[in-house]
Amino acid sequence: MEARFLLGFLLLLSLSSFAFAIYEDQVGLADWHKRYIGKVKHAVFHTQKTGRRRVVVSTEENAIASLDLRTGDILWRHVLGKNDAVDQIGLSLGKYVLTLSSQGSVLRAWNLPDGQMVWETDLQISNPSNSFLHALGNVKSGRDSLSLVCNGGSIRAVSSIDGLVVWKKDLSVDGLKLKHVFQPPESDTIYAIGFIDSSLIALYHINAKTGELLKHATQASSVDLSSEISAISSDSLVALDTSRSNLLLIKFMAGTITNHKLPLSDIVQDFSGLAELIPTKSNDIFVVKTPSNVAFIKVKGDNEIELIGKADEAGIVSDSLTLSEEEQAFAVVHHSNNAISFQVRINGREALTEGIKIEDHRGHVKRVFLNNYVRTDKSHGFRALIVMEDESLLLMQQGEVVWSREDGLASISDAVVAELPVEKEGGVSVVEVEHTLLEWLKGHMLKLKGTLMLSTPDDMAAIQAMHLKSTERNKMTRDHNGFRKLIIVLTRSGKVYALHTGDGRIVWAHLLTPLLQSESCPSPSVLTLRNWRVPHRKALQENPSILLVGRCGAGPESHGFLFIVDSYSGKVLETQILDHSIAEVVPLPLADSSEQKLHLVIDDKLNAHLYPRGSDALEVFVREMANMYYYKVENAKEVIKGYAFKKGCSTGSSAYCFGTRELWSVVFPSDSERIVAAARRKINEVVHTQAKIMTNQDVMYKYISKNILFVATVSPKAAGGIGSAAPDEAWLVAYLIDTVTGRILHRVTHQGAQGPVHAVVSENWVVYHYFNLRAHRYEMTVIEIYDQSRADNKDVMKLVLGKHNLTAPITSYSRPEIATKSQSYFFTHSVKAIAVTTTARGITSKQILIGTIGDQVLALDKRYLDPRRTANPSQEEKEEGIIPLTDTLPIIPQSYVTHTRQVGDLRGIMSFPANLESTTHVFSYGIDLFYTRIAPSRTYDSLTDEFSYVLLLITVVVLIVAILVTWAMSQKKDLQEKWR
Amino acid sequence: MERSSALIGSIFLLISISCLINPISAAASGSGEGYSIAGRVKLDNFVTKGFGLGHSPKLSETKVILNGGQRTTFVRPDGYFSFHDVPAGTHLIEVSSIGYLFSPVRVDISARNPGKIQAALTENRRALNELVLEPMKDEQYYEIREPFSMLSLVKSPMGLMIGFMVLVMFVFPKMMDGVDPEEMRQAQEQMREHGIPSISNLVAGRS
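Residues numbered from 1 in each chain as written. Chains lettered and ligands numbered in written order. Predicted model: local features only at pLDDT ≥ 70, side-chain atom pairs only at ≥ 80, totals over all residues. Heavy atoms only, no water.

The name that an unreviewed UniProt entry assigns to chain B is Er membrane protein complex subunit 7-like protein, with the source organism given as Rhynchospora pubera. The record in UniProt for chain B states the following under Sequence similarities (unreviewed entry): "Belongs to the EMC7 family." On record in UniProt, under Subcellular location (unreviewed entry), the comment for chain B is "Membrane". (UniProt positions renumbered as here; feature names shortened; annotations may be inferred.)

Per an unreviewed UniProt entry, chain A goes by ER membrane protein complex subunit 1 and derives from Rhynchospora pubera. In its Sequence similarities (unreviewed entry) section, the UniProt entry covering chain A states "Belongs to the EMC1 family." The annotation that UniProt attaches to chain A under Subcellular location (unreviewed entry) is "Endoplasmic reticulum membrane".

Enquirer: How should I be thinking about the confidence of the model for chain B in this particular structure?
Expert: Detailed reading of predicted coordinates is not advised where the pLDDT is low. Summary statistics for chain B give a mean pLDDT of 71 and a share of 67% for residues scoring 70 or more. Counted against residues more than four places away or in other chains, residues 1–31 of chain B, with its pLDDT under 50, gives 32 contacts. (pLDDT = per-residue confidence, 0-100. Contact = heavy atoms within 4.5 Å.)

Enquirer: How should I be thinking about the interface of chain A and chain B in this particular structure?
Expert: Where interface size is quoted, it is often the accessible area lost as the parts come together. With 61 residues of chain A at the interface, the matching set in chain B holds 53 residues. Roughly 5,200 Å² is buried in total at the junction of chain A and chain B, and carbon and sulfur atoms are behind 57% of that figure. At the boundary of chain A with chain B, the tally comes to one salt bridge. Among the salt bridges present, the one from Glu-123 of chain B reaches Arg-777 of chain A, with a minimum N-O distance of 2.8 Å. Between the two partners, chain A and chain B, sit 16 residue pairs in polar contact (both at pLDDT 80 or more). The set of elements that each furnish at least two residues to the side of chain A that touches chain B consists of strand S1 (22–23), strand S6 (74–79), strand S9 (106–111), strand S10 (117–122), strand S58 (777–787) and helix H9 (949–979) of chain A. The leading source of residues in the side of chain A that touches chain B is H9 of chain A, at six residues. Of the residues assigned to the side of chain A that touches chain B, the class counts are 25 nonpolar, 24 polar and 12 charged. (Buried area = accessible area lost by both parts, 1.4 Å probe. Salt bridge = Lys/Arg side-chain N within 4 Å of Asp/Glu carboxyl O. Polar contact = N/O pair within 3.5 Å; in protein donor to acceptor, adjacent residues only side chain to side chain. Helix = DSSP H or I, 4+ residues; strand = E, 2+ residues; numbered from the N terminus. Nonpolar A, V, L, I, M, F, W, Y, C, P; charged D, E, K, R; others polar.)

Enquirer: What's the story with the environment of Ile-250 of chain A in this structure? I'm lost.
Expert: Residues and elements named next belong to chain A. Tracing the sequence through the fold places Ile-250 in strand S21 (residues 246–253). Expressed as a C-alpha distance, the spacing of Ile-250 and Asp-866, which sit 616 residues apart in the sequence, is 73 Å. Excluding its chain neighbours within four sequence positions, the residues that come into contact with Ile-250 are Phe-195, Ile-201, Asp-235, Ser-236, Leu-237, Ala-239, Ile-257, Thr-258 and Asn-259.

Enquirer: I tried to follow the sheet that holds strand S61 (residues 847–852) of chain A on my own but got confused; where do I start?
Expert: Each strand in a sheet pairs with another by means of backbone hydrogen bonds, the pair being arranged parallel or else antiparallel. Residue and element names in this part refer to chain A. Here we have three strands laid out as an open sheet, ordered S60-S61-S62, and antiparallel in their pairing. The sheet is open, and its two borders are formed by strand S60 (831–836) and strand S62 (857–861), each paired with just one other strand. Put simply, the sheet's adjacent strands are angled 25° from each other on average, direction ignored. With five bridges joining them, S60 and S61 adopt antiparallel strand pairing. Following the sheet pairing, Ile-834 is matched in S61 by Ile-850. (Pairing = 2+ DSSP bridges. Axes fitted to C-alpha atoms, helices over the stretch in contact; angles between N-to-C directions.)

Enquirer: Can you help me understand the packing of aromatic side chains in this one?
Expert: The relation between two aromatic rings is expressed through the spacing of the ring centres and the mutual angle of the planes. Following the criterion strictly, the structure yields 16 aromatic pairs over all chains and no others. Ring centres of Trp-110 of chain A and Phe-74 of chain B lie 5.0 Å apart, and the angle between their planes is 80°; on these two criteria the pair is classed as edge-to-face. With Trp-110 of chain A in strand S9 and Phe-74 of chain B in strand S3 (residues 71–74), this residue pair bridges two chains. One exposure class covers both Trp-110 of chain A and Phe-74 of chain B, and it is buried. Each ring, one from Phe-621 of chain A and one from Phe-645 of chain A, has its centre 6.2 Å from the other, and the planes form 65°; the classification is edge-to-face. Highlighted residues: Phe-621 of chain A in helix H6 (residues 615–624) and Phe-645 of chain A in strand S48 (residues 639–647), separated in sequence by 24 residues. Its guanidinium or amino end placed over the ring of Trp-32 of chain A, Lys-34 of chain A lies 6.0 Å from that ring's centre, counting from NZ or CZ. (Phe/Tyr/Trp six-rings, centres within 6.5 Å; stacked < 30°, edge-to-face > 60°. Buried < 20%, exposed > 50% of the residue type's maximum accessible area, 1.4 Å probe, protein only. Lys NZ or Arg CZ within 6 Å of the ring centre and 35° of its normal.)

Enquirer: What exactly am I supposed to notice about the state of the cysteines here?
Expert: Should the sulfur atoms of two cysteines be covalently bonded, the bond is a disulfide. Residue and element names in this part refer to chain A. The full count for this structure, using the stated rule, is one disulfide over all chains. There is a disulfide in this structure between Cys-649 and Cys-657, and the S-S distance comes to 2.0 Å. Disulfide Cys-649-Cys-657: the torsion about the S-S bond is 115°, which places it as right-handed. Judged by its relative accessible area of 3%, Cys-657 is buried. (Disulfide = S-S within 2.5 Å.)

Enquirer: Just to check I follow, could you spell out the environment of Ala-231 of chain A for this structure?
Expert: Residue and element names in this part refer to chain A. Its place among the elements puts Ala-231 in strand S19 (residues 225–233). For Ala-231, a relative accessible area of 6% corresponds to the buried category. Placed 18 residues apart in sequence, Ala-231 and Leu-249 show a C-alpha to C-alpha distance of 10.0 Å.

Enquirer: Looking at this model, I keep getting lost on the nonpolar core. Mind explaining?
Expert: With 23 residues, the main nonpolar core has Ile-37, Phe-81, Ile-93, Val-105, Val-107, Leu-131 and Leu-133 of chain B as its most contacted residues. Only strand S1 (35–41), strand S2 (63–66), strand S4 (80–86), strand S5 (89–96), strand S7 (105–109) and strand S8 (117–121) of chain B provide two or more residues apiece to this core. Apart from residues no more than four positions distant in its own chain, Leu-133 of chain B is found in contact with Arg-40, Val-41, Lys-42, Phe-81, Ile-93, Val-95, Phe-102, Val-105 and Leu-128 of chain B. Membership of the second largest hydrophobic core comes to 22 residues, among which are Val-767, Met-780, Val-782 and Tyr-896 of chain A. (Core = buried A, V, L, I, M, F, W, Y, C linked by side-chain atoms within 4.5 Å.)

Enquirer: Help me out: how do you make sense of the pairing of strand S42 (residues 559–566) of chain A in this one?
Expert: Most of S42 of chain A is tucked away, with seven of its eight residues classed as buried. Between S42 of chain A and strand S43 (residues 572–581) of chain A, which pair antiparallel and follow one another directly, the connecting turn spans five residues, one of which, Gly-570 of chain A, has a positive phi of 80°.

Enquirer: Where do I start with unusual backbone geometry in this structure?
Expert: Among all residues save glycine, negative phi is the norm, and among peptide bonds the norm is trans. Residue and element names in this part refer to chain A. With an omega of 0°, the peptide bond running from Tyr-611 to Pro-612 counts as cis. Here Pro-612 shows up in the loop between strand S46 (608–611) and H6. Cis geometry is adopted by the peptide bond preceding Pro-756, which originates at Gly-755 and carries an omega value of 0°. Mapping Pro-756 onto the fold places it in strand S56 (residues 753–762).

Enquirer: Got a minute to help me understand the sheet that holds strand S54 (residues 731–738) of chain A in this structure?
Expert: Residues and elements named next belong to chain A. Across the sheet, which stays open at both edges, the four strands sit in the order S50-S53-S54-S55 with antiparallel pairing between neighbours. Unpaired on one side and paired on the other, strand S50 (674–680) and strand S55 (744–751) mark the two borders of the sheet. Taken pair by pair, the neighbouring strands of this sheet meet at an average axis angle of 15°, ignoring direction. Relative to strand S53 (residues 708–714), S50 runs antiparallel, the two sharing six bridges. Pairing of Arg-680 across the sheet is with Leu-709, part of S53.

Enquirer: Looking at this model, I keep getting lost on the pattern of salt bridges. Mind explaining?
Expert: When their charged atoms lie close together, side chains carrying opposite charge are able to pair. Under the defined criterion, the tally for this structure stands at 36 salt bridges over all chains. What you see here is one network of salt bridges that share partners, running through Glu-359, Arg-362, Asp-390, Glu-406 and Lys-495 of chain A.

Enquirer: Please explain the pairing of strand S34 (residues 393–397) of chain A as it appears in this structure.
Expert: Successive residues of a regular strand alternate their side chains across the two faces of the sheet. Residue and element names in this part refer to chain A. Burial within S34 is extensive, with five of its five residues counted as buried. Across the two faces of S34 the burial is the same, with Leu-393, Leu-395 and Gln-397 and Leu-394 and Met-396 all buried. Sheet analysis places strand S33 (residues 380–388) next to S34, joined by five bridges and oriented antiparallel. Each residue of the ladder has a partner; that of Ile-386, found in S34, is Leu-394. Between S33 and the antiparallel strand that follows it, S34, lie four residues; Glu-391 among them carries a positive phi value of about 75°. Bridging between S34 and strand S35 (residues 400–405) involves five bridges; their strand directions are antiparallel.

Right, dumping it as C-alpha cells:
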C-alpha cells in the first residue's frame, strides 16, 4: 500500500513536471538567441538628415532586413518563403521598401520604420521561369508614384500607395526582353528599350499615365547582344556583345535608334579576356571591368568615347552612386593579405583611398555597396557596406570598420560538439574569494527578495543583469556539469566557427578554403565536419580535434581534401589533398592508439579509404573489418544497398584503400514508391536499460540495435507537396530495415498519407511525422520494437538455472523475433525538423524536439507517444504514468524550449548530453541560432538556480537558535525539578 | 460503420449547404488554371497579457503559410492576406504568429465549378463561412510565478524542517505529560541500562 502511495506521489511529482518551462525572469539564464540575416545581395541606404539612418538589405537566405547603420543591429527582418528569392529591392515614396521576388512575379511594399507589410501584389506573370530582368524605377504620376516592373516583353505599373496595378502593357513581341526603362524629367512618356533575340534593338514610347503605346521602332544591331547593359544618359546606353569584347553604343533620339560598335581593345590598351559592364545610372560615364583592370569610360559627343580613369588591379566595384548632376562615384575595393584598400572614384578620378585592416579569416571581398554623407564642411564623406567571402557584413567609414556582422552563421550546414580545456590548478587569491563571497551573498539576498516577492523592478533588473553577466557560465574551461562546451559549426561558405555554449560568442573562426586554393584544388568547398579526437582515457592530455572534409571541385568525382583542426584554438594541424573523391564519410566506432577516431571515406567508385593513415589504425580496422558494413540509400534509383568491405581496391594499391562487396539490396518498385526520408539512430546514443517493465509486472525487452534504418516511401503522385494528390492515390510506406542483412524487420502502409516525412529513431522506437490526406491533418506515428526472443526470460526458474539468454549479445546475424507496437496521433503543425533529447547515460526520460512551422522548437514528452496509451487507462497504468489516449498530441505553450523566440528558417535541431544526467543541451539553427539547456525530467540530480541558499541558511540559523533555546529551557526546568 | 459514414455524409452536406448559402469571400479570380485564396487574420479580440519583456506580438510578424511551406505570405495592416495562382485541390493554410495558437485551415478549391472555395478548421472541423482566421487561444510561454504565500513557504523543504521541529518541540512534551510517572521512571532506568532511548520504546511504553 505504501509503495502504491509512493508511486502515486511520484506520479504527482512527474505530472507536475510535464512541461519544460521557465519563468520570464529566467530568460537568458541558460539560453541565448542570435539573429542573423545571411549573405547580403542587395543593399539600399536610407540616410535622411533626420531620423534613424538605416540600410535595407536582402540576402541569399531570402531575408529582407533593415539594419541600423550606426550599430548594425537588426531593426526588423522578414524571412520570405523558400521559393521566394528576392530579385530586387528599392525604396519608394521615402517610406516604403519595395521588394520584387519569385523571379519578378511578386511585388511587396514594407513600411520602412517597422517592417509591416503594407501591400502585396501578384503580378501574374505567365512564364516567370525565363524572366530574369525587371526594372524597378519610380515614375511620377500626380501624387502617386508608380513603380514599373518589366518582365520579358511586358511592363506593369504599380501604384506605390496601395499596390494596385494601374496599367499593364504586354508588347507581345516574341523574344523581346526589355532592358531599360526611363522617364525624362517632366515628361509623360516612358521610354522602354529592349533587345529582340540578341540581334534587334527595340524602342517603345509609352504613356506613363495610361500605358498606351505611343510609338515604337526597331533596328538591327551590328553585333550579337549580351544581356549586360549600362544606361549612361537619358538618350543612350551601352551594351556588351556576346563575345564580351566589343561595346555597342546605342542612341535613341526622337524615335530613331542608332548604334555604333566600339571594340574594347581600342580603348583599353592591354585588353584581353572577357569584360563585364558595371551598371551605372547616367552621366555619360560607364565602367567596364576586365580581368586585369577596371576602366572608367566617358562618352563624348557622337560615337566618341574616352578612357578617363583606370584602376589597375582587378577589384570589386560597387554600383554607381550619384552625388550630383555631374558627379558619379564608384567604390573599388582590392584585397591583399589581411588588408583591403578602399578607393572611391568620382567620375573616374580617384577621390579617396583608404587602407583597412581586416581579420584574415574573412577571406576576400565579394560585394561592396557605396553610400555617401555630407560632412559639416559640405564635402562628401563615404561609407561602404562590404560583404566578405565568409558572408560577413562590414561597415566601413573613415578607414575603419565601424561594425561587423557574422552573417555566415545564418547558413550552418553541419555542427559538432567539442569539449573545452580542463581548468588549470591553483591560483585563486583570497581577495578574489572574499569579493566573490560578498557578491554571492548580495546576489542571494536579491534572489530571496525575488522569491518573497518583495523586490522592486530595479531589483528585478539587477537580478537579470546578475544572471547574464555571471562569469561562471562564460569561462573558457570545462566544468563539472558539462554545461560549458564548444559548438563547432560549419557554414555554407566553408568557414568554421566555435561557439561557446555559455553566451554564444565566437571563440574562434577560420575560413580554411583559401588556404587550399591552388591549381590542384581549384574551388574547394567544405562538405562536412566530424569529431576526430575526443578527450578520453589516454588522450585526456591531448587537445581534441575536428575533421573537416571537403571537395576540390563541384562534381562528385572531384578530389577531396581534409583538414584536422584543433578544437581549442582552431589551428590547422594537418592538411591533405586526397587522391580520390568523396561521396560519404563514415565514422567508425573505433579509435587508434592515440585515440584518433577511425573514419572511412567512401569515394564515388565505392572504394573505402581509411583515415587516419597509421599502422595501428589499419590493424584495428582489419581486425574488425569482417564486422563492418556500409549501406547507401540511392534516392534517385529507389534502391538501398548494403556492402561489406574487402581488401584491395579497384583504383589503387594503397593499403588503406578497401574495396566493397555488395551484400544485399532493397529495391522499391519505382512505379509505386519513392524514397522520401531515411533516418537512423545516433551512433553515440546511450541506452540505459533494455528491459521495460509493464504495468502487470511483466517485462518486455527492447530490441536495441544500432543497425536499424527507418525508410519512408510515398506513392509517386504524392511525392509533390500537399494539395497535389488526392487521398486515393496517396500512400506512405514505412520500413524498418536492418542495415547489416538488409532484412525488412517491419513494414507498415498508411493509406491516404503523404510526405513530407520527418523521422527520428532512438533506442527501440521511431517517431515520424507525415500528412494524412483523409483527415487533412498532420499525423505522428510511433513504432516501438520489442525483442520476442528474450520474452520468456521472465521465468525465475530459468534465471536460477542459468538457462536465459540475457547475456547473449544482440546481433544482426541471427534472425530476430521482434514484435512491434504502434500508435498514431494527430499533430497540429507542420514540422521543419525533428530530434530527440540525448543524455549522458540514457536514464532520463526522452523528449522529442519538434521544429514547428512557426520556427519554434517544441519539446514533446515521449510519454505522449507511447503505444500503450489507451482511452481509459486502468489504475495501475495511471500510476505508471500512462496518459489517457487522445487523438491529438497536446501543444503546451510552456514546453516550447524557444519560449517567445523564433529561430528564423529553422533547419536543424541538435541535442547533446551534459555530464549531468538530467540535463541536455539543445542547439537549433536556421537563419538564427538558439541554444538552451533543458531537463526533460527536471533537474533531479542538482539544485536549480532557483534554489534559495539564503532561505536554507535562515532555516539552519533558526534551528540552531531553537535548539539553544530549548536546551536552556530544559536546563531551567531540570533545575526547578531538582529544587522541588 | 454504416451509420457513421451516413453521419459524415450528412455533415459534409451541411457544410456544403452552408457554403452555398454564404459563399466564402475568397475570390477565385482565375488567371489560367490558378485561383486566388484571400482571407483575413484577426487578432483584435485577443488582449495580450503577460507577454515577454518587450516582445509584444505584432501583426507584422504574422506569416500565413500554404501547404506546409510551399508559399509564405505576410498579412497587411488590416489583417488581409492572399495567395494567387493556387491550383484546384485541397490545400492547407497555417498561420504562424508568436503568442497565438491558430488551427490550420483546410481549403478546398473545386475544380468542377471554378471559383467555389470551402474552408474548415482542421482542429475542430468547424466550417468557415468566411476565411477569417482567429487564434484558438493565446499562448503563454512562461510559467507564471505564484505570488508569495505562507503555504508555499511551509511546503518547501525548509518549511517542512521547521514544521517538524515545531512538532517535536510542542507536541512531544505533551505526549510525555501523559506518561505515568512510574512508567517514566521505568523507562529512564531502561534507558540507563540500554543507553540510547528510542521513541518507539516510549510510544510503546505509553500504550
